[in-house]
Amino acid sequence: TTAEELLFQYSGWQLPVAHLDWWLRGLPVPGLGLSRELDEAGRLKVLRQQGWEIQYPRYARIDRYDLPQRLTLVRVPEAGAPSMEARLVIDRWSQVK
């Protein structure tokens, strides 16, 4: 069972958990098609990948990196798949060792 399957089984949400590691850091998942819009600082403003639109309205400066502080994930409606929106707020970043 994958994380996506467990999340769907217990909540009914179909969220691409495997991609969140990349999207949370403001990066596209490697090897997958994408389109993107950048802000004036050259950071991702909008990423479209795997049927999802990820919006990055706010970044925070952590050490020497600009990391997303707020994200909105919107599933692009397709035939048979309902639309979905998830909002994430990151209040603290820390380095995993």
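Residues numbered from 1 in each chain as written. Predicted model: local features only at pLDDT ≥ 70, side-chain atom pairs only at ≥ 80, totals over all residues. Heavy atoms only, no water.

Turning our eyes to something else, we now look at the overall build of the chain. On a plain count of helices and strands, the chain comes out with two helices and five strands. In the chain, the order of α-helices and β-strands from amino to carboxyl end is α-α-β-β-β-β-β. Taken along its principal axes, the extent of the C-alpha atoms in the chain is 40 × 30 × 25 Å. Here the chain holds 97 residues, and the buried ones make up 28% of them. Considering only residue pairs separated by 6 or more positions, the chain has 25% of its internal contacts joining residues 24 or more positions apart. Accessible area for the chain stands at about 6,900 Å²; split by element, carbon and sulfur atoms hold 50% of it. Distance between charge centres in the chain, computed from 13 positive and 12 negative side chains, equals 6 Å. (Helix = DSSP H or I, 4+ residues; strand = E, 2+ residues; numbered from the N terminus. Buried < 20%, exposed > 50% of the residue type's maximum accessible area, 1.4 Å probe, protein only. Contact = heavy atoms within 4.5 Å. Areas by Shrake-Rupley, 256 points an atom, 1.4 Å probe, with all protein chains shown as cover. Lys, Arg positive; Asp, Glu negative; His and termini not counted. Charge placed at Lys NZ, Arg CZ, Asp CG, Glu CD.)

Assignment of secondary structure puts Arg75 in strand S4 (residues 65–75). For Arg75, a relative accessible area of 11% gives the class buried. Taking the C-alpha atoms as reference, Arg75 lies 28 Å from Tyr65; in sequence the two are ten residues apart.

Let's shift gears to the confidence of the model for the chain. Scored by pLDDT, the chain has a mean of 88; 95% of the residues are at 70 or more. Across the chain, the element-wise mean pLDDT spans from 80 in helix H1 (residues 3–11) up to 96 in strand S1 (residues 35–38). (pLDDT = per-residue confidence, 0-100.)

This part covers the sheet that holds S1. Strand pairing in a sheet takes place through backbone hydrogen bonds and is either antiparallel or parallel in direction. Strands sit in the order S1-S2-S3-S4-S5 across an open sheet of five strands; the sheet is antiparallel. Looking at the sheet topology across the chains shown, the edges are occupied by S1 and strand S5 (84–89). With direction set aside, neighbouring strand axes in the sheet form an average angle of 20 degrees. With six bridges connecting them, S4 and S5 associate as antiparallel partners. By the bridge assignment, Leu71 is partnered in S5 with Leu88. Along the sheet, helix H2 (residues 17–24) makes contact with strand S2 (44–49), strand S3 (52–62), S4 and S5, crossing S4 at roughly 140 degrees. (Pairing = 2+ DSSP bridges. Axes fitted to C-alpha atoms, helices over the stretch in contact; angles between N-to-C directions.)

Approximately 240 Å³ is the volume attributed to the largest pocket. Ile62, Asp63, Tyr65, Leu67, Trp93, Ser94, Gln95 and Val96 together form the lining of the largest pocket. The class makeup of the residues in the lining of the largest pocket is five nonpolar, two polar and one charged. (1 Å grid on protein atoms, 1.4 Å probe; cavity = no way out; pocket = protein on both sides within 12 Å on 5 of 7 lines; lining within 4 Å. Points joined across faces, edges and corners; volume = space filled by probe spheres on them. Nonpolar A, V, L, I, M, F, W, Y, C, P; charged D, E, K, R; others polar.)

With that settled, the discussion passes to the packing of aromatic side chains. Any pair of aromatic rings gets described here by the distance separating the centres and the angle formed by the planes. Summed over the entire model, instances satisfying the criterion amount to one aromatic pair. Measuring from ring centre to ring centre gives 6.1 Å for Tyr56 and Tyr59, while their planes differ by 25 degrees; the resulting arrangement is stacked. The pair formed by Tyr56 and Tyr59 is uniform in burial state, with each residue classed as buried. Directly above the ring of Trp22 sits Arg25, whose terminal nitrogen or CZ lies 4.8 Å from the centroid. (Phe/Tyr/Trp six-rings, centres within 6.5 Å; stacked < 30°, edge-to-face > 60°. Lys NZ or Arg CZ within 6 Å of the ring centre and 35° of its normal.)

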